[in-house]
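The lines below spell out each chain.
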Amino acid sequence: AQALLAPGDLAGMRVVVSAGGTREPIDPVRFLGNRSSGRQGAALAAEAAARGAEVTLVAANIAGDVLAEARHPSIRVVSVGAAAELAEAMKREAAAADVVVMAAAVADYRPVEVSNRKLTKEAGGVPTIELVENEDIVAALAAARKPGQLVIAFAAETPEDEAELLARARRKQQSKGVDLLVVNEVGWERGFESAENTVHIFGPGGTEAGMASGSKRAVAAAIWDAVAQER
Ligand code: CTP
Ligand code: CA
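Residues numbered from 1 in each chain as written. Chains lettered and ligands numbered in written order. Predicted model: local features only at pLDDT ≥ 70, side-chain atom pairs only at ≥ 80, totals over all residues. Heavy atoms only, no water.

Things to note about the packing of helix H2 (residues 39-50) against helix H7 (residues 216-230)
The description of two packed helices rests on the angle between their axes and on the distance between the axes. Relative to each other, H2 and H7 sit at 60°, their axes nearing to 8 Å. The angle between H2 and H7 falls in the class oblique. Where H2 crosses over H7, the handedness of that crossing is right-handed. The segment H2 lies against H7, with Arg39, Gln40, Ala43, Leu44, Ala46, Glu47, Ala48 and Ala50 engaging Lys216, Arg217, Val219, Ala220, Ala221, Ile223 and Trp224. (Axes fitted to C-alpha atoms, helices over the stretch in contact; angles between N-to-C directions. Helix = DSSP H or I, 4+ residues; strand = E, 2+ residues; numbered from the N terminus. Parallel < 35°, antiparallel > 145°, perpendicular 65-115°, else oblique. Left-handed = near helix turned anticlockwise from the far one by under 90°. Contact = heavy atoms within 4.5 Å.)

This is how it looks when you write it as C-alpha coordinates:
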(Lines give C-alpha, C1' and ligand atoms only; values in the text may rest on other atoms or scores of the structure.)
(Ligands and ions follow the chains in the order given, each with its own letter.)
Protein backbone atom coordinates (compact mmCIF):
# COMPACT_ATOMS: atom_id res chain seq x y z
CA ALA A 1 0.00 0.00 0.00
CA GLN A 2 2.90 2.32 0.75
CA ALA A 3 4.17 1.98 -2.83
CA LEU A 4 0.82 3.24 -4.14
CA LEU A 5 1.35 6.54 -2.41
CA ALA A 6 4.95 7.06 -3.53
CA PRO A 7 5.76 9.56 -6.30
CA GLY A 8 5.61 7.84 -9.67
CA ASP A 9 2.81 5.49 -8.62
CA LEU A 10 0.87 6.43 -11.76
CA ALA A 11 3.84 5.70 -14.06
CA GLY A 12 2.75 4.54 -17.48
CA MET A 13 -0.92 5.14 -16.75
CA ARG A 14 -2.80 6.89 -19.56
CA VAL A 15 -5.34 9.32 -18.19
CA VAL A 16 -7.81 11.69 -19.77
CA VAL A 17 -9.11 14.58 -17.68
CA SER A 18 -11.83 16.97 -18.81
CA ALA A 19 -11.95 20.35 -17.12
CA GLY A 20 -13.55 23.77 -17.35
CA GLY A 21 -17.09 24.52 -18.44
CA THR A 22 -18.84 24.17 -21.77
CA ARG A 23 -20.28 27.13 -23.66
CA GLU A 24 -23.39 26.52 -25.69
CA PRO A 25 -23.65 29.08 -28.50
CA ILE A 26 -26.73 31.23 -28.92
CA ASP A 27 -25.36 33.41 -31.71
CA PRO A 28 -21.83 34.42 -32.81
CA VAL A 29 -21.32 36.61 -29.73
CA ARG A 30 -23.31 34.89 -26.95
CA PHE A 31 -23.41 31.60 -25.11
CA LEU A 32 -24.94 29.73 -22.18
CA GLY A 33 -22.14 28.96 -19.75
CA ASN A 34 -21.26 28.21 -16.16
CA ARG A 35 -18.76 29.34 -13.55
CA SER A 36 -16.37 26.39 -13.61
CA SER A 37 -12.79 27.76 -13.79
CA GLY A 38 -11.11 24.44 -14.59
CA ARG A 39 -8.75 24.80 -11.60
CA GLN A 40 -9.59 21.45 -10.02
CA GLY A 41 -9.22 19.67 -13.37
CA ALA A 42 -5.93 21.43 -14.12
CA ALA A 43 -4.67 20.37 -10.68
CA LEU A 44 -5.73 16.77 -11.39
CA ALA A 45 -3.80 16.81 -14.66
CA ALA A 46 -0.70 18.35 -13.04
CA GLU A 47 -0.76 15.90 -10.13
CA ALA A 48 -1.20 12.88 -12.43
CA ALA A 49 1.71 14.01 -14.64
CA ALA A 50 3.90 14.60 -11.58
CA ARG A 51 3.16 11.01 -10.50
CA GLY A 52 4.21 9.60 -13.87
CA ALA A 53 0.98 9.42 -15.90
CA GLU A 54 0.59 10.31 -19.58
CA VAL A 55 -2.15 12.93 -19.48
CA THR A 56 -4.59 14.36 -21.99
CA LEU A 57 -6.35 17.44 -20.63
CA VAL A 58 -9.55 18.17 -22.53
CA ALA A 59 -9.99 21.83 -21.72
CA ALA A 60 -13.36 23.53 -22.08
CA ASN A 61 -12.88 27.30 -22.05
CA ILE A 62 -10.13 27.43 -19.44
CA ALA A 63 -8.33 30.76 -18.94
CA GLY A 64 -4.64 30.92 -19.82
CA ASP A 65 -3.43 31.42 -16.25
CA VAL A 66 -5.29 28.31 -15.09
CA LEU A 67 -4.09 26.27 -18.06
CA ALA A 68 -0.53 27.35 -17.23
CA GLU A 69 -0.84 25.38 -13.97
CA ALA A 70 -1.07 22.23 -16.09
CA ARG A 71 2.00 22.82 -18.23
CA HIS A 72 4.11 19.64 -18.19
CA PRO A 73 5.93 17.55 -20.83
CA SER A 74 3.50 14.67 -20.15
CA ILE A 75 0.34 16.78 -20.53
CA ARG A 76 -1.27 17.24 -23.93
CA VAL A 77 -4.08 19.80 -24.12
CA VAL A 78 -7.10 19.43 -26.39
CA SER A 79 -9.32 22.52 -26.43
CA VAL A 80 -13.09 22.29 -26.84
CA GLY A 81 -16.01 24.72 -26.64
CA ALA A 82 -19.53 23.30 -26.50
CA ALA A 83 -20.77 20.06 -24.92
CA ALA A 84 -21.04 18.30 -28.30
CA GLU A 85 -17.35 19.00 -29.00
CA LEU A 86 -16.42 17.83 -25.51
CA ALA A 87 -18.39 14.61 -26.06
CA GLU A 88 -16.62 13.95 -29.35
CA ALA A 89 -13.16 14.62 -27.87
CA MET A 90 -13.80 12.49 -24.77
CA LYS A 91 -15.05 9.50 -26.76
CA ARG A 92 -12.01 9.71 -29.04
CA GLU A 93 -9.45 10.17 -26.24
CA ALA A 94 -11.06 7.63 -23.89
CA ALA A 95 -10.43 4.84 -26.40
CA ALA A 96 -6.75 4.61 -25.36
CA ALA A 97 -7.12 5.59 -21.68
CA ASP A 98 -6.77 3.61 -18.47
CA VAL A 99 -8.58 6.27 -16.45
CA VAL A 100 -11.11 8.87 -17.58
CA VAL A 101 -11.92 11.76 -15.23
CA MET A 102 -14.88 13.92 -16.14
CA ALA A 103 -14.26 17.06 -14.11
CA ALA A 104 -15.72 19.48 -16.68
CA ALA A 105 -19.01 21.22 -15.95
CA VAL A 106 -21.20 20.26 -18.89
CA ALA A 107 -24.21 22.35 -19.85
CA ASP A 108 -27.28 20.18 -19.32
CA TYR A 109 -29.07 21.96 -22.19
CA ARG A 110 -28.20 23.81 -25.39
CA PRO A 111 -30.21 26.16 -27.57
CA VAL A 112 -32.17 24.28 -30.23
CA GLU A 113 -31.31 26.93 -32.79
CA VAL A 114 -28.02 28.78 -33.15
CA SER A 115 -28.41 32.04 -35.04
CA ASN A 116 -25.68 32.80 -37.60
CA ARG A 117 -26.32 36.48 -37.02
CA LYS A 118 -26.33 38.33 -33.72
CA LEU A 119 -29.77 38.52 -32.13
CA THR A 120 -30.82 42.16 -32.15
CA LYS A 121 -33.37 44.22 -30.27
CA GLU A 122 -34.43 45.59 -33.63
CA ALA A 123 -36.30 42.31 -34.12
CA GLY A 124 -38.69 43.60 -31.43
CA GLY A 125 -40.06 41.78 -28.38
CA VAL A 126 -38.10 39.57 -25.99
CA PRO A 127 -36.57 36.42 -27.49
CA THR A 128 -37.42 32.98 -26.16
CA ILE A 129 -34.50 30.58 -26.28
CA GLU A 130 -35.74 27.03 -26.67
CA LEU A 131 -33.46 24.40 -25.15
CA VAL A 132 -32.77 20.73 -25.78
CA GLU A 133 -30.96 18.33 -23.41
CA ASN A 134 -27.30 17.47 -24.05
CA GLU A 135 -26.04 13.90 -24.01
CA ASP A 136 -24.80 12.68 -20.61
CA ILE A 137 -21.15 12.26 -21.61
CA VAL A 138 -19.85 10.52 -18.50
CA ALA A 139 -22.76 8.04 -18.48
CA ALA A 140 -21.98 7.23 -22.12
CA LEU A 141 -18.26 6.81 -21.33
CA ALA A 142 -19.07 4.55 -18.37
CA ALA A 143 -21.45 2.43 -20.44
CA ALA A 144 -18.82 2.02 -23.19
CA ARG A 145 -15.78 1.43 -20.99
CA LYS A 146 -13.47 -1.44 -21.70
CA PRO A 147 -12.45 -3.96 -19.03
CA GLY A 148 -10.11 -2.45 -16.48
CA GLN A 149 -10.80 1.15 -17.47
CA LEU A 150 -11.94 3.46 -14.65
CA VAL A 151 -14.42 6.26 -15.19
CA ILE A 152 -14.70 9.02 -12.62
CA ALA A 153 -17.41 11.68 -12.43
CA PHE A 154 -17.66 14.89 -10.48
CA ALA A 155 -20.69 16.57 -8.97
CA ALA A 156 -21.00 20.12 -7.76
CA GLU A 157 -23.96 20.33 -5.40
CA THR A 158 -25.85 23.03 -3.53
CA PRO A 159 -27.53 20.92 -0.83
CA GLU A 160 -29.63 22.02 2.14
CA ASP A 161 -27.48 19.93 4.48
CA GLU A 162 -24.80 17.21 4.65
CA ALA A 163 -27.37 14.39 4.54
CA GLU A 164 -28.84 15.67 1.27
CA LEU A 165 -25.33 16.05 -0.18
CA LEU A 166 -24.45 12.45 0.58
CA ALA A 167 -27.81 11.08 -0.61
CA ARG A 168 -27.58 12.93 -3.93
CA ALA A 169 -24.00 11.71 -4.39
CA ARG A 170 -24.91 8.07 -3.88
CA ARG A 171 -27.80 8.35 -6.34
CA LYS A 172 -25.56 9.98 -8.97
CA GLN A 173 -22.76 7.45 -8.62
CA GLN A 174 -25.25 4.67 -9.25
CA SER A 175 -27.31 6.31 -12.00
CA LYS A 176 -24.23 7.23 -14.03
CA GLY A 177 -22.58 3.86 -13.51
CA VAL A 178 -19.18 5.38 -12.74
CA ASP A 179 -16.43 3.80 -10.62
CA LEU A 180 -15.93 6.89 -8.48
CA LEU A 181 -17.92 10.06 -7.94
CA VAL A 182 -16.20 13.10 -6.47
CA VAL A 183 -18.64 15.50 -4.84
CA ASN A 184 -18.05 19.05 -3.80
CA GLU A 185 -20.33 21.61 -2.32
CA VAL A 186 -20.55 24.89 -4.20
CA GLY A 187 -22.39 28.12 -3.69
CA TRP A 188 -22.22 31.81 -4.53
CA GLU A 189 -18.97 32.05 -2.55
CA ARG A 190 -17.78 28.44 -2.59
CA GLY A 191 -16.01 26.21 -5.04
CA PHE A 192 -15.58 27.74 -8.44
CA GLU A 193 -12.94 30.45 -8.52
CA SER A 194 -11.47 29.59 -5.15
CA ALA A 195 -8.10 27.92 -4.63
CA GLU A 196 -9.45 25.62 -1.91
CA ASN A 197 -11.90 22.77 -2.15
CA THR A 198 -13.57 20.11 0.01
CA VAL A 199 -14.68 16.86 -1.58
CA HIS A 200 -16.18 13.48 -0.68
CA ILE A 201 -15.25 10.54 -2.89
CA PHE A 202 -17.80 7.74 -3.37
CA GLY A 203 -17.05 4.27 -4.65
CA PRO A 204 -19.23 1.41 -5.90
CA GLY A 205 -22.48 0.95 -4.01
CA GLY A 206 -22.22 4.45 -2.64
CA THR A 207 -19.44 3.57 -0.20
CA GLU A 208 -17.29 6.51 0.85
CA ALA A 209 -13.83 6.00 -0.74
CA GLY A 210 -12.17 9.09 0.65
CA MET A 211 -12.54 12.69 1.71
CA ALA A 212 -10.22 15.62 1.20
CA SER A 213 -10.02 19.29 2.03
CA GLY A 214 -7.44 21.91 1.18
CA SER A 215 -5.77 23.27 -1.92
CA LYS A 216 -7.06 21.97 -5.24
CA ARG A 217 -3.67 20.27 -5.70
CA ALA A 218 -4.03 18.49 -2.32
CA VAL A 219 -7.56 17.43 -3.26
CA ALA A 220 -6.22 16.18 -6.61
CA ALA A 221 -3.62 14.07 -4.77
CA ALA A 222 -6.34 12.48 -2.63
CA ILE A 223 -8.43 11.72 -5.71
CA TRP A 224 -5.50 9.96 -7.43
CA ASP A 225 -4.87 8.02 -4.20
CA ALA A 226 -8.48 6.79 -4.38
CA VAL A 227 -8.05 5.92 -8.07
CA ALA A 228 -4.82 4.01 -7.33
CA GLN A 229 -6.73 2.02 -4.67
CA GLU A 230 -9.43 1.08 -7.19
CA ARG A 231 -6.96 -0.28 -9.71
N1 CTP B 1 -21.97 15.26 -17.07
C2 CTP B 1 -21.77 14.80 -18.36
N3 CTP B 1 -22.63 15.17 -19.34
C4 CTP B 1 -23.69 15.95 -19.08
C5 CTP B 1 -23.92 16.42 -17.75
C6 CTP B 1 -23.03 16.05 -16.76
O7 CTP B 1 -20.80 14.08 -18.59
N8 CTP B 1 -24.53 16.28 -20.07
C9 CTP B 1 -21.03 14.83 -16.02
C10 CTP B 1 -20.22 15.93 -15.39
O11 CTP B 1 -19.02 16.16 -16.09
C12 CTP B 1 -19.94 15.34 -14.02
C13 CTP B 1 -21.16 14.48 -13.73
O14 CTP B 1 -21.77 14.24 -14.99
O15 CTP B 1 -18.81 14.48 -14.05
C16 CTP B 1 -22.16 15.08 -12.80
O17 CTP B 1 -22.61 16.31 -13.30
P18 CTP B 1 -23.90 16.95 -12.66
O19 CTP B 1 -24.22 18.21 -13.36
O20 CTP B 1 -23.73 16.98 -11.17
O21 CTP B 1 -24.97 15.81 -12.97
P22 CTP B 1 -26.35 15.85 -13.72
O23 CTP B 1 -26.65 14.44 -14.08
O24 CTP B 1 -26.32 16.83 -14.85
O25 CTP B 1 -27.36 16.26 -12.60
P26 CTP B 1 -28.02 17.70 -12.20
O27 CTP B 1 -29.42 17.60 -12.64
O28 CTP B 1 -27.88 17.73 -10.70
O29 CTP B 1 -27.24 18.78 -12.88
CA1 CA C 1 -25.85 19.05 -14.63
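Thoughts on the site of ligand 1
Taken together, 14 residues are adjacent to ligand 1, and Met102, Ala104, Val138, Phe154 and Lys172 come closest. One of the backbone N or O atoms of Ala104 is found 2.8 Å from an oxygen atom in ligand 1. Lys176 has a polar side-chain atom sitting 2.8 Å from an oxygen atom of ligand 1. (Near = heavy atom within 4 Å. Polar contact = N/O pair within 3.5 Å; in protein donor to acceptor, adjacent residues only side chain to side chain.)

A closer look at the environment of Val78
Structurally, Val78 is set in strand E5 (residues 75-80). Owing to a relative accessible area of 14%, Val78 belongs among the buried residues under this scheme. Considered as a pair, Val78 and Gly41 are 37 residues apart in the sequence and their alpha carbons are 13 Å apart. Look past the residues within four positions of Val78 in its chain and what remains in contact with it is Thr56, Leu57, Val58, Ala59, Ala89, Arg92 and Glu93. (Buried < 20%, exposed > 50% of the residue type's maximum accessible area, 1.4 Å probe, protein only.)

A few points about the pairing of strand E9 (residues 150-157)
Burial analysis of E9 places seven of its eight residues in the buried class, the great majority of the element. Examined bridge by bridge, strand E6 (residues 99-102) and E9 share four bridges and lie parallel to one another. Directly across from Val99, in E9, lies its bridge partner Leu150. For the segment spanning E9, helix H6 (residues 162-176) and strand E10 (residues 180-185), crossover handedness is right-handed. (Pairing = 2+ DSSP bridges. Right-handed = clockwise from strand over helix to strand, strands pointing away.)

Brief notes about the pairing of E10
Most of E10 sits out of view: five of its six residues are buried. Note: E9 against E10, six bridges, orientation parallel. Of the residues in E10, the one forming a bridge with Ala153 is Leu181. In this structure, E10 lies alongside strand E11 (residues 196-202), joined through four bridges in antiparallel fashion. Along E11, the bridge assignment pairs Val183 with His200.

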